[in-house]
Amino acid sequence: MSPTIYMIILSSLATGTIITMTSHHWLMAWVGLELNTLAIIPIISTMHHPRSTEAATKYFLTQAAASALILFSSMTNAWNTGSWDITQPLTSPSYILLTMALAMKLGLAPLHFWLPEVIQGSTMTTAFIITTWQKIAPMSLIFLTMNNLSTSVFLLMGLLSSLVGGWGGLNQTQTRKIMAYSSIAHLGWMATISSIMTNILIMNLLIYLIMTTSVFLSLIISKSKTIQDTTSTWTLSPTLTIIMLLSLLSLGGLPPLTGFIPKWLIMEELILQNFNLLISMMAASSLLSLFFYLRLTYTTTLTLSPNTTQTKFKWRFYPNTRTMFIVPPATISIFLLPMTPLILL
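Heads up: these notes are all about the structure in this document. The model shown is predicted, which means the values in this text are computed figures rather than measured ones.

Considering the overall build of the chain
A tally of regular secondary structure across the chain gives 16 helices and zero strands. Referenced to the eigenvectors of the C-alpha coordinate spread, the extents of the chain come out at roughly 75 × 50 × 35 Å. Burial status across the chain gives 52% buried among its 345 residues. Excluding contacts between residues fewer than 6 apart, the proportion of contacts in the chain whose partners are at least 24 apart in sequence is 77%. Within the structure as shown, the chain displays about 15,500 Å² of accessible surface, and the carbon and sulfur contribution to it stands at 71%. Here the chain carries 14 positive and 7 negative side-chain charges, and the mean point of each set is 18 Å from the other.

Overview of unusual backbone geometry
Residue A109 is joined to P110 through a cis peptide bond whose omega torsion reads 5°. Looking at the secondary structure, you find P110 in the loop between α4 (92-106) and α5 (114-121). Even without glycine at this site, N274 takes up a positive phi of about 65°. The topology assignment puts N274 in the loop between α13 (260-272) and α14 (276-301). Take N274: its relative accessible area is 61%, and that puts it in the exposed class.

As for the packing of aromatic side chains
A complete count under the given rule lists four aromatic pairs for this structure. With a centroid separation of 5.9 Å and an interplanar angle of 45°, the aromatic rings of F128 and F216 are classed as tilted. Linking F128 in helix α6 (residues 124-131) with F216 in helix α10 (residues 198-222), this pair joins segments that are 88 residues apart in sequence. Across the pair, exposure class does not vary: F128 and F216 are buried alike. Their ring planes at 10° and their centres at 5.9 Å tell us that F260 and W264 sit as a pair that is stacked. In this pair, F260 and W264 are both assigned in helix α13, four residues apart and thus about one turn of the helix distant. Taking relative accessible area as the criterion, W264 reaches 38% and is therefore assigned partly exposed.

Considering the pattern of salt bridges
Oppositely charged side chains may form a pair once their charged atoms are brought near each other. Under the defined criterion, the tally for this structure stands at three salt bridges. For K58, the salt bridge identified is with E54, shortest N-O distance 2.8 Å. Of this pair, K58 and E54 both sit in helix α3 (residues 50-81), four residues apart, roughly one helical turn. Take K58: its relative accessible area is 29%, and that puts it in the partly exposed class. The partner of K58 in a salt bridge is E117, and the shortest N-O contact between them spans 3.8 Å. Placement of the pair is K58 in helix α3 and E117 in helix α5, with a sequence separation of 59 residues. Taking the relative accessible area as the measure of exposure, E117 reaches 36% and is therefore partly exposed.

A few points about α10
Look at α10: 36 Å from first C-alpha to last across 25 residues, which is about the 36 Å you get at 1.5 Å a residue. Most of α10 is tucked away, with 19 of its 25 residues classed as buried.

Details of the nonpolar core
Of all hydrophobic cores here, the largest spans 83 residues; its most connected members are I40, I44, Y59, I70, I130, M139 and L141. With eleven residues, α10 is the single largest residue contributor to this core. Here this core gathers at least three residues from each of two domains, domain 1 (1-149) and domain 2 (152-305 + 323-344). Non-local contacts of L141, meaning those with residues more than four positions away in its chain, are made with T20, W26, A29, L33, I70, I86 and L102. Listed in part, the five residues of the second largest apolar core include L217, I221, L240 and A330.

About the cut-offs
- Residues numbered from 1 in each chain as written.
- Predicted model: local features only at pLDDT ≥ 70, side-chain atom pairs only at ≥ 80, totals over all residues.
- Heavy atoms only, no water.
- Helix = DSSP H or I, 4+ residues; strand = E, 2+ residues; numbered from the N terminus.
- Buried < 20%, exposed > 50% of the residue type's maximum accessible area, 1.4 Å probe, protein only.
- Contact = heavy atoms within 4.5 Å.
- Areas by Shrake-Rupley, 256 points an atom, 1.4 Å probe, with all protein chains shown as cover.
- Lys, Arg positive; Asp, Glu negative; His and termini not counted.
- Charge placed at Lys NZ, Arg CZ, Asp CG, Glu CD.
- Phe/Tyr/Trp six-rings, centres within 6.5 Å; stacked < 30°, edge-to-face > 60°.
- Salt bridge = Lys/Arg side-chain N within 4 Å of Asp/Glu carboxyl O.
- Expected span 1.5 Å × (residues − 1).
- Core = buried A, V, L, I, M, F, W, Y, C linked by side-chain atoms within 4.5 Å.
- Domains from an automatic or database assignment.

Shown next as structure tokens:
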């Protein structure tokens, strides 16, 4: 794909998200989501391979269905109430349709089946865009309509997502699929807190985006598509190996690192609301997620694959990819925990 066309597509992708985030009219929100979906389809199918074509088709069908549900929900709501305003109360059928549509857009369980398949069929860079940028528009709609949506449904979907994200990632050997299930688990944590405290939801989303960016950039630089590929990361750059180790542990939510902030605050808030059983199950499911992060960190830093003399000293050469972009997200995803009181609004 030529750089000009690629820039036009990326600009359309950004514009679609911004239109959805800033709109108060349902039709404008829908237009933004459609623009967003249509812009990423060519990015997914850039690789001329049956798997990427299949991924693009699956993505288009699920996102088009979700957008149609959002349009149908807003039309039935406008028919009954006479208002197209996003922040106005919704009628009962409308909010049920909207909940289904937003869960499908984000990849929340039980509507998550498309996400691992689409990410596995994409390139690493496209998978990075799908797991980060593509979550912003639906999450902003959840933020705007949260007063009208059902708390119990979101708590249940959050619990299901964290369990599916934990169990689903255990048996995977492909790093993209592991990151897909990681995304489902993190979105589950966000869904549970969305109806209770929206400021923690925004903070969790920002921290998730930064941590996922850090891990994906590490995987892109080291060209690690499977767990086996990560065993040769140390030959490329010892510094990158350490960054990857800490970013993965942060994504797992281990205490001295940034990833612990959202889990800590969400658990504290849900315990205050007396959701003790729910939070116990979610904490147990986060241990499942931590297992596959630990497996990745183990292969990255503590395993030496059989190497020839030539491959051992790759770090002496100038890297082919730009490495400066990894510095800000890696720093934030490791060192932010002491600043927790300043982050909370």
